[in-house]
Amino acid sequence: KREAEQAAAHKAAHTADGVRIEVVANVRNAKDAQEGVANGAEGVGLLRSEFLFDDRDTAPDEEEQAAAYMAVAEALGTERPLVVRTLDVGGDKPLPYLPLPKEENPFLGLRGVRVSLERPDMFRTQLRAILRTAPLAQLHIMFPMIATLEELREAKAILAEEQAATGHTNVKVGVMIEVPSAAVMAEQFAREADFFSIGTNDLTQYTLAMDRGHPKLAKKADGLHPSVLRMIALTCEGAKKHGKWVGVCGGMASDPMAVPVLIGLGVEELSASVPAIAAVKATVARVTMAECQALAQEVLSLGTAAEVRARLAKFAD
Ligand code: PEP
Ligand code: MG
């Protein structure tokens, strides 16, 4: 079964009734991107740019960053999409050269795009480096941890200035949906973004108010909780009103059990970990859109994550 899955993984993913679902990879660097393509990824749905900033004493300059992003772009070629997430660090993931005040609640503090807006010098350097891949890639840039339209507008205004300064205008701009306010306001965000990518890891922790790393709570912070599924449904509904596409780049996209529900809710792109690509594609090929939509509607009305899981296990049989 494994070998058949691996062979099928090199075809574009479609449901059994012919609906195209893009299956792409979460990567940290060019080597991961090469492995992704070798394992059937149709592109990169999440480049975690933190890899360039971790484990060092000074921030990488524009040249160093540009070389790293360029290497990822080259691994993909001009036909496959590349979605770069801007720096996603914060109180919970500190950097020695980026001193941030100690916070009582780092997950509710300066994190994700808020750090970039606090340090526009670093943000502009990163954006210029990313933009240098625009001629070589199907470039998408997305901002993590967006909670309000003001944050999105501020980030987009800075990006627009750097685009004007560099002449690299060919880029799609996306919002990561990781905070309930962004999911609930998806229709408003969809007017001002080209696409959404749902970070289900953070969306789950913020919806259920359970720390994703907590020794006791992390197990209960289940993305298949109906409350999180409702957030995903709202995100897809809001996006569709403005003709924008929705992807998932959190851990749920790598979980074959979750895939039919995500598709049924309207998710069109799944960005999975490299080892999960073949199984995710095989799941997509086994289901029809009609049955996924019916399944999604059914589980949205359930009361607990355990009930959702029981229903999905039955569906998988
Ligand atoms: C997420 O929150 O689901 C996500 C993709 O981002 P990270 O796991 O890097 O926070
Ligand atoms: Mg996240």
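Residues numbered from 1 in each chain as written. Chains lettered and ligands numbered in written order. Predicted model: local features only at pLDDT ≥ 70, side-chain atom pairs only at ≥ 80, totals over all residues.

- Looking at an unreviewed UniProt entry, the chain carries the name phosphoenolpyruvate--protein phosphotransferase, with the source organism given as Niveibacterium microcysteis.

**Points about the overall build of the chain**
- Secondary structure summary: the chain contains 14 helices and eight strands in total.
- For the chain, whose C-alpha radius of gyration is 19 Å, the value lies close to the compact-globule estimate of 20 Å for 317 residues.
- In terms of its C-alpha atoms, the chain occupies a principal-axis envelope of roughly 50 × 45 × 35 Å.
- A burial count over the chain gives 47% of its 317 residues as buried.
- Of the contacts formed within the chain by residues at least 6 apart in sequence, a portion of 69% connects residues at least 24 apart. (Helix = DSSP H or I, 4+ residues; strand = E, 2+ residues; numbered from the N terminus. Rg over C-alpha atoms; globule rule 2.2 N^0.38 Å. Buried ≥ 20, exposed ≤ 12 C-beta atoms within 10 Å, placed from the backbone. Contact = placed C-beta atoms within 7 Å.)

**Observations concerning the site of ligand 1**
- In the vicinity of ligand 1, the contacting residues are L46, R48, D88, E178, G199, T200, N201, D202, C249 and G250.
- Element by element, the count of residues in the shell around ligand 1 is highest for helix 9 (residues 200–208), at three residues.
- When its residues are assigned to classes, the shell around ligand 1 shows two nonpolar, four polar and four charged. (Near = placed C-beta within 6 Å. Nonpolar A, V, L, I, M, F, W, Y, C, P; charged D, E, K, R; others polar.)

**Quick word on the nonpolar core**
- Within the largest apolar cluster, 89 residues are counted, with the highest numbers of intra-cluster contacts made by V23, V44, L82, V175, L262, L270 and I277.
- At seven residues, the largest contribution of residues to this core is made by helix 10 (residues 226–241).
- With residues near it in sequence (within four places) discarded, V23 still touches A13, A41, E42, L270, A272, I277, V280, K281 and V284.
- Counting seven residues, the second largest nonpolar core, distinct from the first, contains L52, L87, L110 and V115. (Core = buried A, V, L, I, M, F, W, Y, C linked by C-beta atoms within 7 Å.)

**Section: unusual backbone geometry**
- One non-glycine residue with positive phi stands out, namely D55, at about 55°.
- Relative to the elements of secondary structure, D55 occurs in the loop between strand 2 (44–48) and helix 3 (62–76).
- A positive phi angle, near 55°, is found at A209, a position not held by glycine.
- Examined against the element boundaries, A209 turns out to sit in the loop between helix 9 and helix 10.

**Comments concerning the packing of helix 3 against helix 5 (residues 120–131)**
- As a packed pair, helix 3 and helix 5 sit with axes 8 Å apart at the nearest point and diverge in direction by 40°. The orientation of helix 3 with respect to helix 5, classified from their angle, is oblique. For the crossing formed where helix 3 meets helix 5, the hand is right-handed. Within the contact between the two elements, helix 3 uses E62, Q65, A66 and Y69 and helix 5 uses T125, Q126, R128, A129 and I130.
- When the residues that make up the contact of helix 3 with helix 5 are grouped by side-chain class, the tally is four nonpolar, three polar and two charged. (Axes fitted to C-alpha atoms, helices over the stretch in contact; angles between N-to-C directions. Parallel < 35°, antiparallel > 145°, perpendicular 65-115°, else oblique. Left-handed = near helix turned anticlockwise from the far one by under 90°.)

**Considerations on helix 5**
- An ideal rise of 1.5 Å per residue puts 16 Å on twelve residues; helix 5 measures up with 16 Å between its terminal C-alpha atoms.
- Residues of helix 5 that are buried include every one of F123, Q126, L127, A129, I130 and L131, and no others.
- On the buried face of helix 5, the contacting elements are helix 3, strand 3 (81–85), helix 4 (113–118), strand 4 (138–143) and helix 6 (149–166). (Expected span 1.5 Å × (residues − 1).)

**Quick notes on the sheet that holds strand 6 (residues 195–198)**
- In space, the eight strands of this closed barrel follow the order 1-2-3-4-5-6-7-8, with parallel pairing throughout. Taking the axes of each pair of neighbouring strands and ignoring which way they run, one obtains an average angle of 25° across the sheet.
- Pairing analysis gives five bridges linking strand 3 to strand 4, with the strands arranged parallel. Looking at strand 4, one finds that L82 is bridged to L139. (Pairing = 2+ DSSP bridges.)

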